[in-house]
Amino acid sequence: MKLLPQSFSFSTPHGTTQVWYSDTIRLPQLSEKKGRVDALYVCDEHTLPLLRQAEYFSMQVPLVVLPAGDEAKNLDSLTLIAEKAAEYELDRHACFIAFGGGVVCDITALAASLYMRGIQCILVPTTVLAMADASIGGKTAVNLSGYKNLIGTFYAASSIHLCFPVLRSLPEAEYRSGLAEILKTAVLYDTELYQMFLTQHDEIIGRDKACISTMIRRAAEAKAQVVERDFTEQGERAFLNFGHTFAHALESLAHFSIPHGDAVAWGMSRALAVGLRLQLTDKNYANSLTAILSCYGWCTTPVYFSILSNTDSFADAIIARMKKDKKNRGGMIRLVLQENILKTQVREVDTSIIREVLI
């Protein structure tokens, strides 16, 4: 039996990020100096019990517990982390350690990038989405005034620890949300990963340990390679936003009550619909990917199925929010579109075309 690597690394302008795989739930070992540990744990209400049970957990390390959910991704949470660090007199040699999903990882990394103009950050993601996508690549952010990730930085973690056993207790909605981001990475960069969605449905839905760990590994390593080539999203990294312009608008409209991956899956279906109208996207490929999205229970209809709205007002609300997207230039909405699997481009799209796929 071939042994899989226990880690990999990738480089960014901030140095090398080491990504570790683990079959146990563990934290990085921290050194004690003069009776104290210069670190801070950040988790949320849901991950707190797991954090306390994790190998190498230290009672000497101060702890910030955030509310669970996207509502906590705000400036108040950022301030809470910084104030706790200052209260414990943590200096520039300290380390912030995030133990949680994408929200916890994003906020903690943003706090680390700003506290004393930048200190070390270690991420221990606890969801499929955070392991396969959100923790890889150094994007940090909080939401502001109803807009997704409006305030943020690019700041790479020094290390990331992927502890697969945490996924056993993951709520079904969180699990499915992460699968959508893995599927997105598959259509952009990995045909074998795409085939897994086609041929291993039961194993994926059943959370088969070997299957899901393989999928997370492939997705994380594919994204890391992109991040290494284009850390600050000046070119190719923008492809990773496939489905996200629609998704972020939907999340904002729904006050972040829709899981991020569910919104991304719907956004991918709408991006495919735009590509078909522009005669850019291959019809057979669009049908194949749409069938996969439907098979895993994600919405592919023009109007998202949990939004109670007439079609005109839904389209207007989504487009208004899409116009605020960070990727836009000169007032034009820019979308990541696909010709086929692995064939991706960014295009400016007129709002009249976008409206057609939302009604």
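Everything numeric here is computed off the predicted structure, so don't read it as measured data.

Draft legend 1. Fine view of the side chain of S77. Positionally, S77 belongs in helix 2 (residues 75-87). A residue is classified by how much of its surface remains accessible, and S77, at 6% relative accessible area, is buried. A polar side-chain atom of S77 sits 2.6 Å from the main-chain carbonyl oxygen of A72. Among residues more than four places away in sequence, those in contact with S77 are L66, A72 and I107.

Draft legend 2. Looking closely at the packing of helix 2 against helix 3 (residues 102-114). The interhelical angle for the contact between helix 2 and helix 3, taken along N-to-C directions, is 55°, at an axis separation of 9 Å. Here helix 3 runs oblique to helix 2, going by the angle between their axes. Handedness of the helix 2/helix 3 crossing: right-handed. Counted together, S77, L78 and I81 of helix 2 and I107, T108, L110, A111 and L114 of helix 3 form the full contact between these two elements. Split by residue class, the contact of helix 2 with helix 3 holds 6 nonpolar, 2 polar and no charged.

Draft legend 3. Up close: unusual backbone geometry. The phi torsion at M116 lies on the positive side, around 50°, for a residue other than glycine. Among the structural elements, M116 can be located in the loop between helix 3 and strand 6 (120-125). Classification of M116 as partly exposed rests on a relative accessible area of 38%. Residue F256 is not a glycine yet carries a positive backbone phi of 60°. One can find F256 in the loop between helix 9 (244-253) and helix 10 (260-277).

What counts and what doesn't
Residues numbered from 1 in each chain as written. Predicted model: local features only at pLDDT ≥ 70, side-chain atom pairs only at ≥ 80, totals over all residues. Heavy atoms only, no water. Helix = DSSP H or I, 4+ residues; strand = E, 2+ residues; numbered from the N terminus. Buried < 20%, exposed > 50% of the residue type's maximum accessible area, 1.4 Å probe, protein only. Polar contact = N/O pair within 3.5 Å; in protein donor to acceptor, adjacent residues only side chain to side chain. Contact = heavy atoms within 4.5 Å. Axes fitted to C-alpha atoms, helices over the stretch in contact; angles between N-to-C directions. Parallel < 35°, antiparallel > 145°, perpendicular 65-115°, else oblique. Left-handed = near helix turned anticlockwise from the far one by under 90°. Nonpolar A, V, L, I, M, F, W, Y, C, P; charged D, E, K, R; others polar.

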